[in-house]
Amino acid sequence: MAATSLPFLLFLFIFFKFSASQTADQTLKTFLFRVDRNSKPSIFPTHYHWYASEFADPPQILHVYDTVFHGFSASLTPDQVASISSHPSVLAVIEDQRRHLHTTRSPQFLGLRNQRGLWSESDYGSDVIVGVFDTGVWPERRSFSDKHLGPIPRRWRGVCETGVKFAKSNCNRKLVGARFFIKGHEAAANAGGPISAINDTVEYRSPRDADGHGTHTASTAAGRYAFEASMSGYASGIAKGVAPKARLAVYKVCWKESGCFDSDILAAFDAAVNDGVDVISISIGGGDGISSPYYLDPIAIGSYGAVAHGVFVSSSAGNDGPNGMSVTNLAPWLTTVGAGTIDRNFPAVVILGDGRRLNGVSLYAGSPLKGKMYPVVYPGKSGMLSGSLCMENSLDPREVRGKIVICDRGSSPRVAKGLVVKKAGGVGMILANGISNGEGLVGDAHLIPTCAVGADEGDAVKSYVSSTKTPTATLNFEGTVIGIKPAPVVASFSGRGPNGLNPEILKPDLIAPGVNILAAWTDAVGPTGLETDSRKTEFNILSGTSMAAPHVSGAAALLKSAHPDWSPAAIRSAMMTTASVTDNRNQTMTDEATGKASTPYDLGAGHLNLGRAMDPGLVYDITNDDYVRFLCSVGYGPRVIQVITRTPLNCPAKKPSPENLNYPSIAALFSTAGKSSKTFIRTVTNVGQPNAVYRPRIEAPRGVTVAVKPSRLVFNEAVKKRSFIVTVGVDRKNVVFGETGAVFGSLYWSDGKHVVRSPIVVTQMDPL
């Protein structure tokens, strides 16, 4: 797309959107306005005074942004928006969108050990402040104790906001700050759309967590040691976050059953960077598999501002896998994290009347069935979809009373299906995956005896029911098993590449533990999150890329503590180039969805391996200027780039190439009729011993040639950076692009001690 066309498209987007609404009713909607800060007339003492005088009435203005973004958000009529859009100082108008959360043993699984390596060398991250954007925090949990912690770092400028059931005393030397952002949510509720107002009987107007997700992610990143931790006996042991001594600042931007609004998320980015956080963890995304361009995506804009201030941002890759191109949070300055399993499982078994045993998982902790056989029924046999999915009011009590019910996964929460079965009088549930979930299983704290099974076992039990006159079964729950092989395995739900905006940048960047993760929980709801679940639990076990992102946030805190001078890009590079691509059998990591070998589209550079990330040898660093050149290379003009970067700038006369962003991975795109070779320029910085010589080793896919020049990189006290050229050639007669439409290889640099690996992706893709 030509650089000149984007501002014009932006204008058209605004013009058509609002001229169409001119004649309609003048309902209020929230928009974010990116304003050229240098245009403020000197007569106004602050930008707020200017906005309130020239653009919108003070009551309509929700947030004023001045750190990661310049401008404001306001709740306005279409006529007002159209008028503001034509103001010469307004660079962009973005409609406020709703986003969604990407819902003990994992630190050891990442290679962390007491008294040695990264934990001891970083003092467990004690001087680093991690900001968590989520649903708030339950501050009384042991995971947030400040026992034996030193004073709060002096550079901390944040606050402890009070509100419903949240006092200043709820913050301490561990939980150093807490804020909540609700104005965008309230404006959406007042506009009369699908969002309802905050229900004060189940939600707190304060940083207190009514949902549980925020408490879980915060304690995963930086929870303190909590002995004798478990979820109703499952996963018992010592619970701890990845950076147990790091400080936490909580920014509540998501509200129970209502999602998270862009205007509030951007305000949290502004506040967190001003407050002095070092790392931001955000397990939030679009969730619909569609990624907005960076200049219309407030998470991309806010995180650019954070990274430009030296703050590392870790984000979840989304849970729409195993579909291709389902990865979210694609901006190249974000670290995008997919999910893998760990070597712990919670096995449950379906024992059929004919003696067959079908393996599954469960976190059911109530009264067991004690081997008693019960009749089994599959409501989907009648062909009614709602019945097969066990949707609300879809089950006939006469059909299911006293029986174990087979329910298909999908359309409603897994735990809610069990509640439907219970209400209809069923004694248990077999939760069966469909083709889309394959064999990917996650444990849930079910309210009735339940075993979740993969698609193959689901088909087996259904075929048994349809071919047997009086089918029976029982369910056995086998507790916690450690040492599972293979692990890690890429979770079937984890968001997959290729990158739908710029396939030249490989996303996700890497994967981290995100399946059946034990972490702290709120007292506001039971472990299922259902209203009817009155159980209380200090810890809960959840799965999702939401759980994977805070592992990387905690890892970044440790690396930042050990290497205070490393940039966010250097920290990400250290994680990516040392990531593992083999499992605990020392074989290529597999994909849970297919059982086949995983590819960089599934796991990026590999699975986080903190034991090696501490000392990566070389890093691929990226500056703000590099990101600007990247934005020029993808066709953004100066005015559109300014929406993201906050400062005016010009693109170079010769258009740069997006592949030449100094990323730790290489993605070579060839069109069907274009050239058959491409060159890439990369620059590495030596962060190991000053005198080192690195030599390359190449694993090229069949039908592809990869050449590297020079043939060695020599570093010394004076020379810390070296550049090299990679030439990738395709032999179109011999290359076979598989199901993914790509082939994969690797480039390794080694000095005999360090191994610095970059994945290589070669794909044939014609531009749209």
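Residues numbered from 1 in each chain as written. Predicted model: local features only at pLDDT ≥ 70, side-chain atom pairs only at ≥ 80, totals over all residues. Heavy atoms only, no water.

**Some remarks on helix α2 (residues 47–54)**
Turning to step 1, where the next piece is worked out: Listing the buried residues of α2 in full gives His47, Trp50, Tyr51 and Ala52.
Turning to step 2, where the next piece is worked out: The residue sitting at the N-terminus of α2 and contributing the capping side-chain oxygen is Thr46; that oxygen lies 3.3 Å from the backbone nitrogen of Tyr48. (Buried < 20%, exposed > 50% of the residue type's maximum accessible area, 1.4 Å probe, protein only. Helix = DSSP H or I, 4+ residues; strand = E, 2+ residues; numbered from the N terminus. Polar contact = N/O pair within 3.5 Å; in protein donor to acceptor, adjacent residues only side chain to side chain.)

**Thoughts on the state of the cysteines**
Turning to step 1, where the next piece is worked out: The final tally for this structure, using the stated rule, is 4 disulfides.
Turning to step 2, where the next piece is worked out: Paired by a disulfide, Cys160 and Cys171 hold their sulfur atoms 2.0 Å apart. Since a negative S-S torsion denotes a left-handed disulfide, the Cys160-Cys171 link at about 85° is right-handed. Of this pair, Cys160 sits in the loop between β6 (129–134) and β7 (175–180) while Cys171 is found in the loop between β6 and β7, placing the two residues 11 residues apart along the sequence.
Turning to step 3, where the next piece is worked out: Judged by its relative accessible area of 9%, Cys160 is buried.
Turning to step 4, where the next piece is worked out: At a sulfur-sulfur separation of 2.2 Å, the disulfide partner of Cys254 is Cys260. In this structure, the disulfide formed by Cys254 and Cys260 twists by about 100° around the S-S bond and is classed as right-handed. (Disulfide = S-S within 2.5 Å.)

**Focus: the confidence of the model for the protein**
Turning to step 1, where the next piece is worked out: Predicted confidence across the protein gives a mean pLDDT of 91, with 93% of residues reaching 70 or more.
Turning to step 2, where the next piece is worked out: The low-confidence segment residues 1–24, where pLDDT is below 50, has 32 contacts with residues more than four positions distant or belonging to other chains.
Turning to step 3, where the next piece is worked out: Here residues 104–116 is modelled with pLDDT under 50, and outside its nearest four sequence neighbours on either side it reaches 49 contacts, counting other chains as well. (pLDDT = per-residue confidence, 0-100. Contact = heavy atoms within 4.5 Å.)

**Here we look at the sheet that holds strand β4 (residues 90–95)**
Turning to step 1, where the next piece is worked out: Overall, antiparallel pairing links the 4 strands, which are arranged β2-β3-β1-β4 in an open sheet. The outermost strands of the open sheet, each flanked by one partner alone, are β2 (61–65) and β4. Direction aside, the axes of adjacent strands within the sheet are offset by 20° on average.
Turning to step 2, where the next piece is worked out: One ladder, built from 5 bridges, connects strand β1 (residues 29–35) with β4; its direction is antiparallel. Paired with Phe33 across the bridge in β4 is Val93.
Turning to step 3, where the next piece is worked out: The strands that helix α19 (residues 638–645) touches are β1 and β4; relative to β4, the one it contacts most, it runs at about 65°. (Pairing = 2+ DSSP bridges. Axes fitted to C-alpha atoms, helices over the stretch in contact; angles between N-to-C directions.)

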